[in-house]
Amino acid sequence: MRENVQILRRDQGVSFPALLLDPPLMDAGDLDRMSSVGVDVQCRGRSGNFVQVDHRVLQAGAAEPGLEVMSTSEALQAYDWLTEYRWRAVSADKDEFTRYAREHARHGYFIRVLPGARINHPLQACLYLGEDGLTQCVHNIVIVEEGAELNIITGCASGPRVGSGAHIGVSEFYVRKGAKLNFTMIHSWAEDVEVRPRTGTFVDAGGTFISNYVCTRPVRHLQMYPVSHLRGEGAVARYQSILVAPPGSRMDVGSRVVLEAPATKSEIIARTITTGGEIISRGHLVGRVPGVKAHLECRGLLLAPEGLIHAVPELEAQAEGVEMSHEAAVGKIAPEEIEYLMARGLSAEAAVSTIVRGFLNVDIPGLPPALRDEIDRAVALSREQGA
Amino acid sequence: MLTLEAFDVVVEDRQILRNIHLSIKPGETHVLFGPNGHGKSTLLNALMGFPRYQVAGHCWFKGLDITSLPVHERARAGIGLMFQRPPTIRGLTMREILKLCAADGVPVEDLAAELRLETFLDRDVNDGFSGGELKRAELLQLLVQRPNLALIDEPESGVDLENIGLIGRAINELLGRREPRPADAECRLKQAQRNAGLIITHTGHILNYVEADVGHVLYEGRLACTGNPREILSFIQKNGYGECVRCLNHQPEERSRVDA
């Protein structure tokens, strides 16, 4: 496997070679699928690249000083200390999927930003399922050292030839003192793919972790509940998720933040839409020390009568003086809103898309324009089916 | 501009308006008086074509039978509605909605400044607006939309004294009229006006700022007492709507028909 890896080093300048067609592994359809989840196949304007197709790493490298990108298996050989970070933010015994990953994980990305390095351009990572019926299992580790900053865009998708398969991804993120990690993950799977990300994040004093998650394509069953532990004073975690569940899809997605240190803050925002699928939108805030602040917001839109959204917001205060709140609202689009926009000259279809776009209007940097079209398409489809 | 013939409106199996005959010519501003719950807003909403208002009879606009035209096509044809209780639309900013409904070449920013709404442009549509701010935001959208017929639902309600003049100026601009000066208020100078308006007023207060040509009283779903709006208003203020009804009852049915 290793001989196919393009190992790139930072002295090679700021651009990477474009992702190449590699028959029979990848064709133009694959590159389209990668683009649809925010991967720039020309690799322009990226500080680093990591591309793994099935069990094989195609590209791994960094283009800015202070940034390291390689496969986790390579990193484990390079750094003895890395074993201390492995299975620390996520327990290997958490469930059957983590146990499977402990035995079977192949590669995944290792990304590290050296202390004080502020990486200008986003780094892109792509975990791609190319072969039908395969189980891709990866173990990712990201370490943003003290005072460093990084923006990661991860696109995970399955290829046009994939009907069924599975993706199991263990991810462990370490945001050290005063560091900042902005992590955006976009998923696009197929109708018969099972997806089980298992993610844990430790945020130290003064650190900030921002996680954005988007999934608008069919998936048989997606289940994840990433957890952040705010371990140092003033640490911050913010989760934003956008889910659109088409008919036949089941998405059970939540975010959990444990506020363990004084003056820590968190916000969890979820926007969910069903066009016929089932969504369980969870959120869990745990306040362990006095004076922490956190807010949870779950909003859901039912665009098809057969869809289901189940919002489960949880607040758990384990100390006095914690300030935590939540708001949850699930329902259809109010007809008054549609009529209001129609009275301004918009057709019913345009009014609905405008309202849905507004509903999904959370600020996520790096969202590919194609994704907006994708969301519009899903909404238009649901209206046709409902008519 | 607008002609209603034997216009009936039913909402959820309840008849709200019956046998309305009304004609509004280009350049005319009509006001609609009447107690709460007697069908004033229903008439405006039915003219806009909202589906829960089932209508019978005919509605002509600029020579076109719009009786069964959907809402957005009426808007595109040139009918604009100032909502009495506009909904909040989260995630859509004022700037975006103005862009969506703006006619070509409309100076959105200037109009927003005129209505003291420049700081509202990046806020979500109607989100957390006060009563007066809602009215100004509605008028701003109409000014940008430039309808030929403006349907204006209680423009003065919830507006403080400081802002009512502003609202009045905006309505005059919308209708292509200027504010009546005290000296010529009674002269009813006809100006070169193209646009038409139908304004609901409960208190008549807006008439101090906007000159109207024709007044109507809508009572128990029927149109009555058509005539000089100031005379009607002062009659109502002195004698109440009840007297109006008696007046109406003494008139044969066809007298409620207006061929102004």
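Residues numbered from 1 in each chain as written. Chains lettered and ligands numbered in written order. Predicted model: local features only at pLDDT ≥ 70, side-chain atom pairs only at ≥ 80, totals over all residues.

*Asks:* Which residues make up the overall build of chain B, and what values go with them?
*Replies:* Helix and strand counts for chain B stand at 7 helices and 12 strands. Summarising the internal contacts of chain B: among those between residues at least 6 apart in sequence, 70% fall at separations of at least 24. (Helix = DSSP H or I, 4+ residues; strand = E, 2+ residues; numbered from the N terminus. Contact = placed C-beta atoms within 7 Å.)

*Asks:* So what's going on with the packing of helix 4 (residues 335-342) of chain A against helix 5 (residues 348-359) of chain A? Which residues, and what values?
*Replies:* Residues and elements named next belong to chain A. Helix 5 packs onto helix 4 with a crossing angle of 120 degrees between their chain directions and a minimal axis gap of 9 Å. Taken together, the axes of helix 4 and helix 5 are oblique relative to one another. Of the two elements, helix 4 crosses helix 5, and the hand of that crossing is right-handed. Where helix 4 approaches helix 5, its residues Glu 337, Ile 338, Leu 341 and Met 342 are matched on the opposing element by Ala 348, Ala 351, Val 352, Thr 354 and Ile 355. (Axes fitted to C-alpha atoms, helices over the stretch in contact; angles between N-to-C directions. Parallel < 35°, antiparallel > 145°, perpendicular 65-115°, else oblique. Left-handed = near helix turned anticlockwise from the far one by under 90°.)

*Asks:* Which residues make up the pairing of strand 4 (residues 53-61) of chain B, and what values go with them?
*Replies:* All names here are of chain B. As defined by bridge partners, strand 1 (residues 2-11) adjoins strand 4 across 8 bridges and the pair is classed as antiparallel. Considered in strand 4, the bridge of Glu 5 is made with His 58. Here strand 4 pairs with strand 5 (residues 64-65) via 2 bridges, running antiparallel. In the sheet register, Trp 60 faces strand 5, and the bridge partner there is Asp 65. Counted along the chain from strand 4 to the antiparallel partner strand 5, the turn is 2 residues long, and its residue Lys 62 has a positive phi close to 50 degrees. (Pairing = 2+ DSSP bridges.)

*Asks:* Can you tell me about the packing of helix 5 (residues 131-145) of chain B against helix 6 (residues 161-175) of chain B, naming the residues and giving the values?
*Replies:* All names here are of chain B. Where helix 5 contacts helix 6, the axes come no closer than 10 Å and their chain directions differ by 15 degrees. Accordingly, the angle class assigned to the pair helix 5 and helix 6 is roughly parallel. As for how helix 5 packs across helix 6, the hand of that crossing is left-handed. Residues Gly 132, Lys 135, Arg 136, Leu 139, Leu 142 and Leu 143 of helix 5 form the contact with helix 6, whose own contacting residues are Asn 163, Leu 166, Ile 167, Ala 170, Ile 171, Glu 173 and Leu 174. Of the residues assigned to the contact of helix 5 with helix 6, the class counts are 8 nonpolar, 2 polar and 3 charged. (Nonpolar A, V, L, I, M, F, W, Y, C, P; charged D, E, K, R; others polar.)

*Asks:* Just give me the short version of the interface of chain B and chain A, but keep the residues and values in it.
*Replies:* On the side of chain A, 16 residues touch chain B, which itself brings 19 residues to the contact. Breaking the side of chain B that touches chain A down by element, the ones donating at least two residues are helix 2 (71-77), strand 7 (89-93), helix 3 (94-101) and helix 5 of chain B.

*Asks:* An account of the nonpolar core is needed here, citing residue identities and associated values.
*Replies:* With 191 residues, the main nonpolar core has Val69(A), Val144(A), Tyr174(A), Leu181(A), Leu139(B), Leu151(B) and Ile199(B) as its most contacted residues. Apart from the residues within four sequence positions on either side, Ile199(B) is in contact with Thr29(B), Val31(B), Leu32(B), Ile152(B), Pro155(B), Ile206(B), Val210(B) and Ala212(B). (Core = buried A, V, L, I, M, F, W, Y, C linked by C-beta atoms within 7 Å. Buried ≥ 20, exposed ≤ 12 C-beta atoms within 10 Å, placed from the backbone.)

*Asks:* Describe the pairing of strand 1 of chain B, naming the residues involved and giving the relevant values.
*Replies:* All names here are of chain B. Strand direction decides the pairing type here: strand 1 and strand 2 (residues 14-24), joined by 7 bridges, are antiparallel. When the bridges of strand 2 are listed, Phe 7 appears paired with Ile 20. Here strand 1 folds back onto strand 2 in antiparallel fashion, the turn holding 2 residues, of which Glu 12 has a positive phi close to 45 degrees.

*Asks:* Could you give an account of the sheet that holds strand 11 (residues 214-219) of chain B, naming the residues involved and the relevant values?
*Replies:* Residues and elements named next belong to chain B. Strand order across the open sheet formed by 6 strands is 6-9-10-3-11-12, with mixed pairing between neighbours. This sheet does not close on itself; its edge strands, each paired only once, are strand 6 (79-82) and strand 12 (222-227). This sheet shows a mean twist of 20 degrees between the axes of neighbouring strands, independent of strand direction. The strands touched by helix 1 (residues 40-48) within the sheet are strand 3 (29-33), strand 6, strand 9 (149-153), strand 10 (196-200) and strand 11, with strand 9 carrying the most contacts at an inclination of about 145 degrees.

*Asks:* If you had to explain the sheet that holds strand 1 of chain B to someone new, which residues and values would you point to?
*Replies:* All names here are of chain B. One open sheet holds the 4 strands; their spatial order is 2-1-4-5, and the pairing between them is antiparallel. Two strands lie at the open edges of the sheet, namely strand 2 and strand 5, each paired on one side alone. Against the sheet, helix 1 contacts strand 1, strand 2 and strand 4, and its axis sits at roughly 70 degrees relative to strand 4.

*Asks:* How would you sum up helix 6 of chain B? Please name residues and give values.
*Replies:* All names here are of chain B. Compared with an ideal rise of 1.5 Å per residue, which puts 15 residues at 21 Å, helix 6 spans 22 Å between its outermost C-alpha atoms and is within 8% of the ideal. Residues of helix 6 that are buried include every one of Ile 167, Gly 168, Ala 170, Ile 171, Leu 174 and Leu 175, and no others. Projected down its long axis, helix 6 shows its buried positions confined to an angular sector of 165 degrees, all on one face. Looking at the buried positions of helix 6, the neighbouring elements they touch are strand 3, helix 5, strand 9 and strand 10. One or two residues past the end of helix 6 sits Gly 176, with phi positive at roughly 70 degrees. (Expected span 1.5 Å × (residues − 1). Arc of directions from axis to C-beta.)

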